[in-house]
Amino acid sequence: MRGVVMLAVFASSALFGWAQEEPQYKPGENPYQDEFVLKLGEPIALYVEIDGTRFAELTITPQGNVEPGKNVKCQVVMTGARVASGRVEVLPVLLLEDQNGKSLDRLTPAPFKVRGERPFEYKDTITASGDSLAAATKVWVYLEIR
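Presented here is an overview of the structure given in this document. Owing to the predicted nature of the structure, the values given are computational and were not obtained by experimental measurement.

## A few points about the nonpolar core
Among the nonpolar cores identified, the biggest contains 31 residues, and F55 and V139 are the most heavily contacted of them. Residue assignment for this core shows that the elements contributing at least two residues are strand 2 (32-37), strand 3 (44-50), strand 4 (53-62), strand 5 (71-82), strand 6 (88-97), strand 8 (112-114), strand 9 (118-129) and strand 10 (138-145). Not counting chain neighbours up to four residues away, the residues in contact with V139 comprise D34, E35, F36, L38, I44, I60, L94, L95 and L96.

This is the structure we're talking about:
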């Protein structure tokens, strides 16, 4: 009997996994811009498709202590997939804002290329002001596809 129960649990788990749907990607204009809540080190769900390129998540993670008056290296990670054929170049720009919408800092990761019909994980290291990172609660994400 125990084997039957284990099999039932396994089967329902497998079915649940298959039943999960892929996230819905909203269409976006090129160039794309939108505002998101920022929590350093936590993924931001973008779920936007721009000209055949899907952007799933963006994460900005400081690589050291965020201290006022000091610059901090940050890793920017963006994931997604090019669902159309052909190679494109993505130009990302990230604008940090405080809770009142005051502009704090402009982060410009290097442009990157995405190959057709493939997933991607883009990583870059940029430098940001510790003051800006400490005060930032929002980020404007600008993406241009060329």
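## Side note on the pattern of salt bridges
Taken as a whole and assessed by the stated rule, the structure comprises 6 salt bridges. For E121, the salt bridge is made with K123, and the minimal N-O distance between the two is 3.9 Å. Note that R146 and E144 form a salt bridge whose closest N and O atoms lie 3.8 Å from each other. Relative accessible area serves as the criterion here: at 55%, R146 is assigned to the exposed category.

## A look at the sheet that holds strand 1 (residues 26-27)
The strand order 1-3-4-5-9 describes an open sheet built from 5 strands, whose pairing is mixed. Of all the strands in the sheet, just strand 1 and strand 9 have a single pairing partner and so form its edges. Pairing analysis gives 9 bridges linking strand 4 to strand 5, with the strands arranged antiparallel. Opposite R54, over in strand 5, you have A81 as the bridge partner.

## Digging into a positive patch on the surface
Together, R87, K113, R115 and R118 make up a positively charged patch on the protein surface. Within the element layout of this structure, R115 appears in the loop between strand 8 and strand 9.

## Let's talk about unusual backbone geometry
With omega at 0°, the peptide bond leading from N30 into P31 counts as cis. As for its position among the elements, P31 is in the loop between strand 1 and strand 2.

## A look at the environment of G116
With respect to the helices and strands, G116 occurs in the loop between strand 8 and strand 9. Distance in space between the C-alpha atoms of G116 and R82 is 5.4 Å, their sequence separation being 34 residues. Ignoring anything within four residues of it in the chain, the contact list for G116 reads R82, A84, S85, G86 and R87.

Conventions adopted
- Residues numbered from 1 in each chain as written.
- Predicted model: local features only at pLDDT ≥ 70, side-chain atom pairs only at ≥ 80, totals over all residues.
- Heavy atoms only, no water.
- Core = buried A, V, L, I, M, F, W, Y, C linked by side-chain atoms within 4.5 Å.
- Buried < 20%, exposed > 50% of the residue type's maximum accessible area, 1.4 Å probe, protein only.
- Helix = DSSP H or I, 4+ residues; strand = E, 2+ residues; numbered from the N terminus.
- Contact = heavy atoms within 4.5 Å.
- Salt bridge = Lys/Arg side-chain N within 4 Å of Asp/Glu carboxyl O.
- Pairing = 2+ DSSP bridges.
- Patch = residues over 30% accessible without salt bridge, like charges linked within 9 Å, V, L, I, M, F, W, Y side chains within 5 Å.
- Areas by Shrake-Rupley, 256 points an atom, 1.4 Å probe, with all protein chains shown as cover.
- Lys, Arg positive; Asp, Glu negative; His and termini not counted.
- Charge placed at Lys NZ, Arg CZ, Asp CG, Glu CD.

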